[in-house]
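Structural characterization, general
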Amino acid sequence: MRIEGDLIQLRDALEKKKEELANLLVMMRAMLESTTDAIVVTDGANKVTAFNENYVEMLGVTREAIASASVQQLREIFSRQFKDPKEFISGIKSIYASAAPETFDVIEYADGRIFERYSKLQQIDNRTVGRVWSFRNITERRRAEERLQAAKTAAEEASKAKDDFLAQLSHELRTPLTPALAAASYLAEHNDLLPEFREEVIAIWRNVQLEARLIDDLLDVTRIARGKIELRCETVDAHRLLRDALQIVRAAIQEKQIELKIDLSASRHHVWADPVRVQQVLWNLISNAMKFTNEGGRIAIRTFNEGENFAFQITDTGIGIETEQQLNIFKAFEQGERSITRQFGGLGLGLTISKTLMDLHGGAITVQSPGKNLGASFKITLDAVAAPKSTATNFKGSETRASRSLRILLVDDHADTLAIFSRLLTKCGHEVATVDCARDALKILDNERFDALISDIGLPDSSGYELVREAKKRQPLHGIALSGFGTEDDIRRSMEAGFDYHLTKPVNFQDLRSLLERVAS
């Protein structure tokens, strides 16, 4: 009776265990079917023991075909659907042969579907009992990544094309300004120039220089985005910069019969700044006030000190700025309503560049306006510094000759630049040979000796980079690059090619003469 009781208990225990195993299998089946991945389980002999419906759909065969197939047959079924069946079979065999605890790779179907394949070895008491395989369809994700990468590449190519276009445009616009700036800067120093003409010539020089800065506005937007704005700071009289900026727009202000009131009360009006950049900001603000103020209106300009700061404020009676627009006024291409852009013109870059320049100088620019048609007031502040003991003027009215005559080879395909620079350099006492292409330059270098080569970068038959490399192979000389391209990368390329100096067009003749003095010494 005792044995019979034990058998009954054993039977009940087995039935309970069988029920537990059945429940476990149901749960495992539910788990297999609940996942979005395709799952297949193989035992220690590499036979398929379980799989889910996603695996059936992935293979595109019936459940019965999978259940009755040997591992080899399953491999063949599977591999026929891939781009490279041999590589797939080799990969599977490698996984089994290595007995790696975990494997991960990406496989691609011939129809374009892409799956991440993951497998994990199953062990009990250090004994391998099988492997679980999961396949995750990443086709849409991969396609989205490819579309995103394609869009990114297209955007980068478009941005580069835009930058290249603006750089080329800048170069083409700068080139004709070069002889004008050189001639004006030379004439302004000429002893024989009558005083009444000197002021006009200096105005020409100043406006050509400013025109070059306006051309730079096109490139400054790109430089701002890349953090490439460069400053050349010195102690400068902000009142002088203000007077120069006013001189440029004074005629337009008078033409519109605008009443101009100026109060320069700041006792400390020297700042540590890039003079051309600060004048650019001042000109922008004055020009905007003039542009947006109706005929017969008023503009008031004043300077004052706020603690240790120099402050400049300009107030007009113009069209004003609505409150909601004041938040966006310093953003690129913003001029408020579209009708304003159509009526007054402009790209809306000036204030964006002005704010960036003030930020780089450690200063500030702010705007206030009561509203539409009620005028506006802009203010900039910069740290004031002590005035220098002596202030040199740009033009002393003295014509000087070089300390030593140099033999110079001048190469430029712009006829006016070639003619003006040749004439001015000759007047400074140098001996100048001119050509308009690299081929003729190399011919002369084979037969004559020179102290310096001054060459444009863009030549019709070559480049200044190639020319200076070949020139220095033929003889020792100093290389000075003239170029409408003046970024850090452009200057670096010039130095790497063999140029000793890089001048960006339009070139101040004083700068060129100073370099030649350095060469001569």
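Presented here is an overview of the structure given in this document.

Criteria and thresholds
- Residues numbered from 1 in each chain as written.
- Predicted model: local features only at pLDDT ≥ 70, side-chain atom pairs only at ≥ 80, totals over all residues.
- Heavy atoms only, no water.
- Phe/Tyr/Trp six-rings, centres within 6.5 Å; stacked < 30°, edge-to-face > 60°.
- Helix = DSSP H or I, 4+ residues; strand = E, 2+ residues; numbered from the N terminus.
- Buried < 20%, exposed > 50% of the residue type's maximum accessible area, 1.4 Å probe, protein only.
- Pairing = 2+ DSSP bridges.
- Axes fitted to C-alpha atoms, helices over the stretch in contact; angles between N-to-C directions.
- Contact = heavy atoms within 4.5 Å.
- Core = buried A, V, L, I, M, F, W, Y, C linked by side-chain atoms within 4.5 Å.
- Salt bridge = Lys/Arg side-chain N within 4 Å of Asp/Glu carboxyl O.

Brief notes about the packing of aromatic side chains
Following the criterion strictly, the structure yields four aromatic pairs and no others. Arranged with centres 5.9 Å apart and planes meeting at 40°, the rings of Y55 and F135 form a pair that is tilted. Of this pair, Y55 sits in helix α2 (residues 53–59) while F135 sits in strand β5 (residues 127–137), placing them 80 residues apart in sequence. Here Y55 and F135 have matching classes, each one buried. Each ring, one from F421 and one from F509, has its centre 6.3 Å from the other, and the planes form 70°; the classification is edge-to-face. Taken together, the positions of F421 in helix α13 (residues 415–427) and F509 in helix α17 (residues 509–520) put the pair 88 residues apart, joining distant regions of the chain.

Some remarks on the sheet that holds strand β15 (residues 452–456)
Strands sit in the order β14-β13-β15-β16-β17 across an open sheet of five strands; the sheet is parallel. Sheet topology places β14 (431–435) and β17 (501–504) at the edges, where each strand pairs with a single neighbour. Across the sheet, the mean angle from the axis of one strand to that of its neighbour is 20°, orientation sign disregarded. Across the sheet, helix α14 (residues 438–447) is in contact with β13 (407–411) and β14; its angle to β13 comes to roughly 160°. Sheet contacts for α17: β13, β15, β16 (478–483) and β17; angle to β17, the most-contacted strand, approximately 170°.

As for the pairing of strand β10 (residues 309–316)
The buried count for β10 comes to six of eight residues, which makes it a mostly enclosed element. Both strand β9 (residues 298–306) and β10 contribute to a ladder of eight bridges, which runs antiparallel. For E306, the partnering residue across the bridge sits in β10 and is N309. Here β10 pairs with strand β12 (residues 376–385) via eight bridges, running antiparallel. Counted as the bridge partner of D316 is A376 from β12.

Details of the nonpolar core
Residues L285, I286, F312, I314 and F378 are the most contacted members of the largest nonpolar core, which totals 42 residues. Broken down by secondary-structure element, the contributors of at least two residues to this core are α8 (238–255), β8 (270–273), α9 (275–291), β9, β10, α12 (350–360), β11 (364–368) and β12. The residues contacting F378, other than those within four sequence positions of it, are L285, F312, Q313, I314, I321, F330, L351, T366 and V367. Listed in part, the 24 residues of the second largest apolar core include Y186, L406, L503 and V507.

Thoughts on the side chain of S422
Relative to the elements of secondary structure, S422 occurs in helix α13. Discounting residues that sit within four places of it in the chain, S422 has contacts with L410, V432 and T434.

Comments concerning the environment of C233
Locating C233 in the fold gives a position in the loop between α7 (195–226) and β6 (234–237). Linking C233 and W272, residues 39 residues apart in sequence, is a C-alpha distance of 6.1 Å. Excluding residues within four positions of it along the chain, C233 makes contact with W272, A273, D274 and H361.

A short note on the environment of F312
Note on placement: F312 falls in strand β10. Classification of F312 by relative accessible area gives buried; the value is 1%. Linking F312 and L242, residues 70 residues apart in sequence, is a C-alpha distance of 9.1 Å. Non-local contacts of F312, meaning those with residues more than four positions away in its chain, are made with L242, L282, L285, I286, I301, R302, T303, F378, K379 and I380.

Some details on the side chain of S483
Following the sequence through the fold, S483 ends up in strand β16. Not counting residues up to four positions away in its chain, the partners in contact with S483 are D456, I457, H502, L503, T504 and K505.

Quick word on the pattern of salt bridges
Two side chains with opposite charge may pair up if their charged atoms get near one another. Using the criterion set out here, one finds 23 salt bridges in the structure. Among the salt bridges present, the one from E116 reaches R141, with a minimum N-O distance of 2.6 Å. Of this pair, E116 sits in strand β4 (residues 114–124) while R141 sits in helix α6 (residues 139–188), and the two are 25 residues apart along the sequence. A residue is classified by how much of its surface remains accessible, and R141, at 43% relative accessible area, is partly exposed. With its nearest N and O atoms 3.2 Å apart, the salt bridge here joins E470 to R474. Taken as a pair, E470 and R474 lie in helix α15 (residues 464–474) at a separation of four residues, close to a single helical turn. In this structure E470 comes out as partly exposed when scored by relative accessible area, which is 28%. By relative accessible area, which is 31% here, R474 ends up partly exposed.

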